[in-house]
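These are the residues of each chain, in order.
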Amino acid sequence: MTHQLPLIILNELDYSYPNGTVALRKINLNIYRGELVGIMGMNGAGKTTLIRTLNGLIRPSKGTVNIESENIEPKGIGELSKIVGLIFQNPQHQIFSNTVEEEIEFSLKSLNLNKEEVRDKTVEVLKTFNLEKYQDRSPLNLSGGESKKLAIASIICRDPKILVFDEPTLGQDGKEISFFTNLLKEEREKGKTILIVTHNIEFAMEFIPRTILMANGKIIADGPTKKILTNQYLVEKSSLVLPQTRQFALKLRDIGIECPDDIFSKVEMKDFLANYLKTKITEA
Ligand SMILES: Nc1ncnc2c1ncn2[C@@H]1O[C@H](COP(=O)(O)OP(=O)(O)OP(=O)(O)O)[C@@H](O)[C@H]1O
Ligand SMILES: [Mg+2]
């Protein structure tokens, strides 16, 4: 990774909305090929604005966005969206076809495929995403979770190198979250670079290696998720809460059980407690 050029380079990005709201301030960020990166921070921090600069939906007021060593400024959204697949926070903002099937077909049509290939691929995508039973239904008549899934399917089917998700786990039940984490695993195995905006701390702790924390249009921290999300100062500054295992570890310390700092998962906590109890029993 160290000898490789970053896939995405954001250089001194500023952005203000037309009404004057300053949403991004001097953003500098490098993302490497194959990384899975989380973007976190309180409401209004600038997360959605930041990811929208990656496919040209938002053009920075100052600074540059480079993807694969090229400044994206002269490129149109159509061209960029073949490289950067952005899945919106609210799926209703990206879905506009009359049926679920047409939505996938429409998404595939801008690629260089013939009619038959579009047909076959649509069937395959609907099956992979368990959406066949809804294929003739209007996307407006899907549940929130289902339409989120359709929005994800309609972007993933185009096979972009870079996938950017805005709040993918919001409103998803346990089964859908595990469908999503499986999908992430598969896409990473294909070498995709993935960015995920999320407020879901437990999800980030478990699945996302690197986290960028934003506040007030700036990046205030960037590093290993486990380090960032267990840092009480950063967590409070971002209106987040500490991960459950961390809270539990601090409670254990309150009652005199010295729980080490490097316990992050439930399994690690269970092992620590089992060991601790064993030594107590032996001592007794
Ligand atoms: N279309 C818009 N016009 C004017 N200001 C906007 C617009 N969209 C967002 N903003 C403002 O820009 C700032 C950054 O908003 P953004 O949507 O990027 O935040 P966010 O981190 O994605 O928040 P959330 O967690 O609530 O989704 C906020 O102050 C917001 O009010
Ligand atoms: Mg947002």
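The text that follows walks through the structure, step by step, so that each part is easy to find.

About the thresholds
Residues numbered from 1 in each chain as written. Chains lettered and ligands numbered in written order. Predicted model: local features only at pLDDT ≥ 70, side-chain atom pairs only at ≥ 80, totals over all residues. Near = placed C-beta within 6 Å. Helix = DSSP H or I, 4+ residues; strand = E, 2+ residues; numbered from the N terminus. Nonpolar A, V, L, I, M, F, W, Y, C, P; charged D, E, K, R; others polar. Axes fitted to C-alpha atoms, helices over the stretch in contact; angles between N-to-C directions. Parallel < 35°, antiparallel > 145°, perpendicular 65-115°, else oblique. Left-handed = near helix turned anticlockwise from the far one by under 90°. Contact = placed C-beta atoms within 7 Å. Pairing = 2+ DSSP bridges. Buried ≥ 20, exposed ≤ 12 C-beta atoms within 10 Å, placed from the backbone.

Examining the site of ligand 1
Reasoning step 1: If you check the shell around ligand 1, you find Y17, N19, T21, A23, G41, N43, G44, A45, G46, K47, T48 and T49 and nothing else.
Reasoning step 2: A total of three residues in the shell around ligand 1 trace back to one element, the largest contributor, which is helix α1 (residues 47-52).
Reasoning step 3: Per-class residue counts for the shell around ligand 1 are three nonpolar, eight polar and one charged.

Focus on the packing of helix α3 (residues 100-109) against helix α5 (residues 144-156)
Reasoning step 1: Contact geometry for α3 and α5: axes closest at 8 Å, N-to-C directions at 25°. It follows that α3 is roughly parallel to α5 by the angle criterion. Between α3 and α5 the crossing geometry is right-handed. For the pair α3 and α5, contact is made by V100, E103, I104 and S107 and by L150, A153 and S154, respectively.

Overview of the pairing of strand β9 (residues 210-215)
Moving residue by residue along a regular strand, the side chains alternate between the two faces of the sheet.
Reasoning step 1: In the sheet, strand β3 (residues 36-40) pairs with β9 via four bridges, with the strands oriented parallel. Bridging from a neighbouring strand, M40 pairs with L213 of β9.
Reasoning step 2: As paired elements, β9 and strand β10 (residues 218-224) share six bridges and run antiparallel to each other. Note that in β10 the partner of R210 across the bridge is P224.
Reasoning step 3: Hairpin connection from β9 to β10: two residues lie between these consecutive antiparallel strands, with N216 at a positive phi of about 55°.

What to know about the environment of R25
Reasoning step 1: Structurally, R25 is set in strand β2 (residues 22-31).
Reasoning step 2: A count of 16 C-beta atoms within 10 Å places R25 in the partly exposed class.
Reasoning step 3: It is 5.4 Å that separates the C-alpha atoms of R25 and K218, two residues lying 193 residues apart in sequence.
Reasoning step 4: In this structure R25 touches D14, G217 and K218, once residues within four positions along its chain are discounted.

Looking at the sheet that holds β9
Reasoning step 1: Taken together, the six strands give an open sheet; going across it, the order is β6-β7-β8-β3-β9-β10, and neighbouring strands pair in mixed fashion. The open sheet has two edge strands with one neighbour each: β6 (84-87) and β10. Ignoring which end each strand starts from, the neighbouring axes of this sheet average 15° apart.

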